[in-house]
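What the coordinates show
The lines below spell out each chain.
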Amino acid sequence: MKYCHRYKKALLVTLFSILFALPAFAQLDYQPYSYQFYQKLNIDVYSPLTKLHTSVKPYFIGDSSALRPRYDSLMLNNTDNRKNSWIHRVLFNGHIAEVRNKEFTFYFDYLTDIGQGRELNDSKTTYINTRGYEAGGSIGSRFFFFASGYENQGRFANYEQAYIQTKAFVPGQAQDRTVIGQTTVKNSSDWSYSTVLLGFQASNAIMLNLGMDKMFIGDGYRSVLLSDYSSSYPLFRLTADLGKNVRYMTMWAYLDDQNAHKFDLNTSGANNRRKWAVFHYVDWNVTNRASLGFFNALIAAETDDQGNRHGFDLNYINPLIFSSSIGPSSPITDHTLLGFNARYKVLDKTTVYGQLLFDNGSTTRNAYQLGFRGADLFKIKALNYLFEYNTADPYTYADQNPIVNYTQFSEPLGHPFGANFKEYLGILNYSIGKFDLQGQLNYATYGLNSGGINYGKDITLPDNVSVANGSTGQGLATTLKYAEGTIAYVLNPKYNLRVEVGALLRQEKNAVSDTKTTLITFGLRSSFRNLYHDF
């Protein structure tokens, strides 16, 4: 029942914003982040003719945005539906319910993700059964609102099921009620979650956001600074444009850690330990082609292991980047990270990008990224590409006090692999008519724990001070090969309703085991979400 209450709260917050907002005379659209959809905007996002702040996602698209024409075209926002039946609109180019005028917009959609698959190696049938909703809109040029909810059951491929059994968590979504014994569903995972985000544009330069959501910082497929791999979290975010070329963002978040030592029992719900997080990011468009970003994060435990509260010190409400708490001392030291993001549009349709992260100011615990992406490869319209390299030293993102590690619900806030890895990946996307095609290849090497020794990949564990920082890949040397391809026919772009067929090949191999996965899937899918399976 508590999951139903979450949905009700999300809808109530949305309705509250509608009732108490003041009208204006333009529109602001919030577009949830989905790599597959966002890459369709590549040609405008990374054009040297535009000077957009590209690295912080999701985007908020206003009437004057350089992305508006292409966005409206992709979403069929200018389609005249007055002569079409309601069924036609729902299936092909509209919402279940929609209001759109100069002062107010609102839409509501029912979301479905129904599919079945066959894992050939283990002769196992997989499936997904998701029922959900999304509702959103804007009030004038100042307010927007968005809410979504998902109720799910499913059975996964071997490697993903092993992940769920270990963490009791469906990757990036929610706790599996089957694993923790809170459901009558048998032989399948059972989970649900919701998101909500409210936005107020205080001026042309200032945006405020409050809700339950997540964020991505970077210009690549992965991020070693802040990714959207983990589940959503409560947040408050301030974004301000400082002149024409600088954008400042600060976000406060409230994170969970279900693995940390528990000291109180909450009979009304989960008794997870919690931690505060504050993120700063400054994006500077040096020129139309070059951009530099400066990143800072701080994680602070709400309590120590004895239950002594650290609290949310007012000193954390600190607008200065690269600064730690100046509040009272705590038995658990705060965890700080700092980093940089950069991109350069080397050609009209090609951009080089990269990231660098330092953990607690260490020179031996770093992560970095280097990649390039572009549009219209070989002069073929809508053939977009991305090639990327990511790596993180052993123990990066971890801490001697696990409660302040860089995770949400024990899932990484950075790269899905955690640390102690090297990864190469490439993605090709091609859209023609209503068809979307995507192909992806990943090759990674990393070191797993062996003989009860923590070699630095699992960032939920405390630092192993008995093992000196060695080379990346220390421990049980493991290789991961991953290939995935999907072909989708988009029925309705408004909520990404599509028929999709896909195939996945995966092999994780080391001296102890050799896990192979061959999976074929088919289904009817919808919504804009990044659901990662490439780990």
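Each remark here, short or long, concerns the structure printed above.
Notes on the structure in this doc start here. All values derive from a computational prediction rather than experimental measurement.

About the criteria used
- All chains use their own residue numbering, which begins from 1 and follows the written sequence.
- Given that this is a predicted model, residues contribute local features only at a pLDDT of at least 70 and side-chain atom pairs are listed and counted only at 80 or more, while totals for whole chains, interfaces and linings are drawn from all residues.
- Hydrogens and water are ignored here; the side-chain numbers use all heavy atoms of the structure.
- Each helix is a run of H or I in the DSSP string that is no shorter than four residues. Each strand is a run of E no shorter than two, and both are numbered from the N terminus.
- Burial classes follow relative accessibility: with a 1.4 Å probe on protein chains only, a residue under 20% of its type's maximum area counts as buried, one over 50% as exposed, and anything between as partly exposed.
- In short, Shrake-Rupley with a 1.4 Å probe defines the accessible areas, and a residue's cover is counted only from the protein chains shown.
- Residues belong to one nonpolar core when they are buried, are Ala, Val, Leu, Ile, Met, Phe, Trp, Tyr or Cys, and are joined through side-chain atoms within 4.5 Å.
- The contact criterion used throughout is that any non-hydrogen atoms of two residues lie within 4.5 Å.
- By definition, no residue in a patch forms a salt bridge, and every one has over 30% relative accessible area; like charges are joined within 9 Å, nonpolar side chains (Val, Leu, Ile, Met, Phe, Trp, Tyr) within 5 Å.
- Each reported salt bridge corresponds to a side-chain nitrogen of Lys or Arg within 4 Å of a carboxyl oxygen of Asp or Glu.
- Pairs were defined over the aromatic rings of Phe, Tyr and Trp, the Trp ring being its six-membered one, requiring ring centres within 6.5 Å. Orientation was assigned from the angle between planes: stacked under 30 degrees, edge-to-face over 60, tilted for the rest.
- Criterion for a charge above a ring: Arg CZ or Lys NZ at most 6 Å from the ring centre, at most 35 degrees from the ring normal.

1. Some remarks on the overall build of the chain
When you go through the chain residue by residue, the secondary structure sums to six helices and 27 strands. Counting every position in the chain, which comprises 535 residues, the buried fraction comes to 55%. Accessible area for the chain stands at about 22800 Å²; split by element, carbon and sulfur atoms hold 61% of it.

2. Some thoughts on unusual backbone geometry
Peptide bonds are, in most cases, trans, and in most cases residues other than glycine have a negative phi. Geometrically, the link from Lys 57 to Pro 58 is a cis peptide bond, its omega value of 10° lying close to zero. Mapped onto the fold, Pro 58 is located in the loop between strand E2 (56–57) and strand E3 (59–62). In this structure, Lys 379 takes a positive phi of about 65° despite not being glycine.

3. Some words on the nonpolar core
Of all hydrophobic cores here, the largest spans 86 residues; its most connected members are Leu 226, Tyr 233, Phe 279, Phe 295, Tyr 397 and Tyr 406. Aside from chain neighbours lying at most four places away, what touches Phe 279 is Leu 226, Met 249, Thr 250, Met 251, Ala 253, Phe 295, Asn 296, Ala 297, Tyr 406 and Leu 413. Among the nonpolar cores identified, the runner-up in size contains five residues, and Trp 252, Val 278, Leu 298 and Tyr 316 belong to it.

4. A look at a nonpolar patch on the surface
Together, Tyr 344, Val 346, Leu 347, Val 352, Leu 370, Phe 372, Phe 387 and Leu 428 make up a nonpolar patch on the protein surface, roughly 690 Å² of accessible area in all. Counting residues per element, the ones that place at least two in the nonpolar patch are strand E17 (335–347) and strand E19 (366–374). Take the nonpolar patch: its biggest share by element is three residues, from E17. Position of Tyr 344 among the secondary structure elements: in strand E17. According to the relative accessible area criterion, Tyr 344 is partly exposed, its value standing at 41%.

5. Side note on the packing of aromatic side chains
Counting across every chain of the model gives 35 aromatic pairs. A ring pair is formed by Tyr 221 and Tyr 532, whose centres lie 5.9 Å apart and whose planes are at 65°; its orientation type is edge-to-face. With Tyr 221 in the loop between strand E12 (216–217) and strand E13 (233–242) and Tyr 532 in the segment after strand E27 (514–525), the pair connects residues that are 311 residues apart, well separated along the chain. Every member of this aromatic cluster is reached through a ring pair, and the members are Tyr 33, Phe 37, Tyr 38, Tyr 59, Tyr 71, Phe 216 and Phe 528. Between the NZ or CZ atom of Lys 457 and the centre of the ring of Tyr 446, over which it lies, the distance is 4.8 Å. The aromatic ring of Tyr 150 is capped on one face by Arg 529, whose charged end is 4.1 Å from the ring centroid.

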